[in-house]
Amino acid sequence: SSASAPERPQVVSHAQQALPYTLFDCKWVPRSARLLCLGSAARGTGLLQLYELRAGRLALLCEIEKAKPIKCGTFGATSLQQRYLATGDFGGSLNIWNLEAPEIPVYSVKGHKEIINSIDGVGGLGIGEGAPEIVTGSRDGTVKVWDPRQKETPVANMEPVQGESKRDCWTVAFGNAYNQEERVVCAGYDNGDIKLFDLKTMSLRWETNIKNGVCSVEFDRKDINMNKLVATSLDGKFHVFDMRTQHPTKGFASVSEKAQKSTIWQVRHLPQNRDIFMTSGGAGSLHLWKYEYPAQRSKKDAEGAEMGVAGSISLLQNVTLSTQPISSLDWSPDKKGLCVCGAFDQTVRVLIVTKLNKV
């Protein structure tokens, strides 16, 4: 009977705004009803717009134009008091902005030779132990970690070894920042490579290949002992790796799911429940998923070495919002179920996902 079936979350459109430019990233401003849209104007400059959510509509608070298109942004390395935004642009520059006075960046470094595709931050907003750090991944094949308190030089630089061809890095994410010493960076590349860099030992901890370009990677939480990692790809598949147990030869156990025929551009975990995540797709759709853990998360192999056991994934809901790819997605850290997404139809949409406490 339908009475005993669990209530499915619904994805409700709350507000939307058409934009006269290409939108690459959108972010909630922590502890506020405001959001940022980052992108590229028709004449090839960068745009940064700040909106406030007011009674079901988006009110434009300010708009700032910059020399280069802005590809990506994060608040992850700032304090809740400052709420500085770090951005990566088409010129390879990492900039940090005070949104109260955004004319000149408070920090700027030409970090890469080519476009910065992806950025993440940790150690700020009270999330993750240790120093505030920003990671950037670029088309130039390098992944660099920056401490905003140190000028010019990255604190870590992961680049192809001599003789190895450089791969376009499409996505980066921090994880494992549960104490002052531990921290990892995961990077995904255009050829399907996923690499896990250990910042404590400054070494490559694990690598695998998922056969298709890796569009997005995210740990379910940055500030806990590595638990799960989701990687999405060009061919409409995503993979969930159980990061608790690393087998000496087999690495991490994983389960994969074919969500759709088109590219999965992004994955974002619900801040209030690490086992629920949303993927955004090339066909203008969003899929809401839940991860179920197996009865036992590890087992011993024939040699007695611990190996992980992957769980299963269930689809909670899916919705098609646009005829164009949804390329950016961000959950509100403060209001459960509030989410913003940007699509190549030049529209930013604020959504409310209901019944998340029932699943």
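Right above here is the structure, for reference.
Residues numbered from 1 in each chain as written. Predicted model: local features only at pLDDT ≥ 70, side-chain atom pairs only at ≥ 80, totals over all residues. Heavy atoms only, no water.

Caption draft 1: Representation of unusual backbone geometry. With a phi close to 55°, R31 is a non-glycine residue in the positive phi region. Mapped onto the fold, R31 is located in the loop between β2 (22-28) and β3 (34-40). Residue class for R31 comes out exposed when judged on its relative accessible area of 58%. Phi is positive for Q346, which is not a glycine, with a value near 60°. (Helix = DSSP H or I, 4+ residues; strand = E, 2+ residues; numbered from the N terminus. Buried < 20%, exposed > 50% of the residue type's maximum accessible area, 1.4 Å probe, protein only.)

Caption draft 2: Summary view of the sheet that holds strand β27 (residues 312-320). Pairing is antiparallel in the open sheet, where four strands are placed in the order β22-β23-β24-β27. This sheet does not close on itself; its edge strands, each paired only once, are β22 (264-270) and β27. The mean angle between the axes of side-by-side strands here comes to 25°, regardless of whether they run parallel or antiparallel. (Pairing = 2+ DSSP bridges. Axes fitted to C-alpha atoms, helices over the stretch in contact; angles between N-to-C directions.)

Caption draft 3: Geometry of the pattern of salt bridges. In total, this model carries 20 salt bridges according to the counting rule given. Two residues, E65 and R43, come together in a salt bridge whose shortest N-O distance is 2.8 Å. With E65 in strand β5 (residues 57-66) and R43 in the loop between β3 and β4 (46-54), this pair connects stretches of sequence that are 22 residues apart. Take R43: its relative accessible area is 64%, and that puts it in the exposed class. When the shortest N-O distance is used, the salt bridge between E306 and K300 registers 2.5 Å. Overall, E306 belongs to the partly exposed group, its relative accessible area being 33%. Via salt bridges that share partners, E7, K355 and K358 belong to a single interconnected network. (Salt bridge = Lys/Arg side-chain N within 4 Å of Asp/Glu carboxyl O.)

In short, the description is geometric, and any link to function would need to be established separately.
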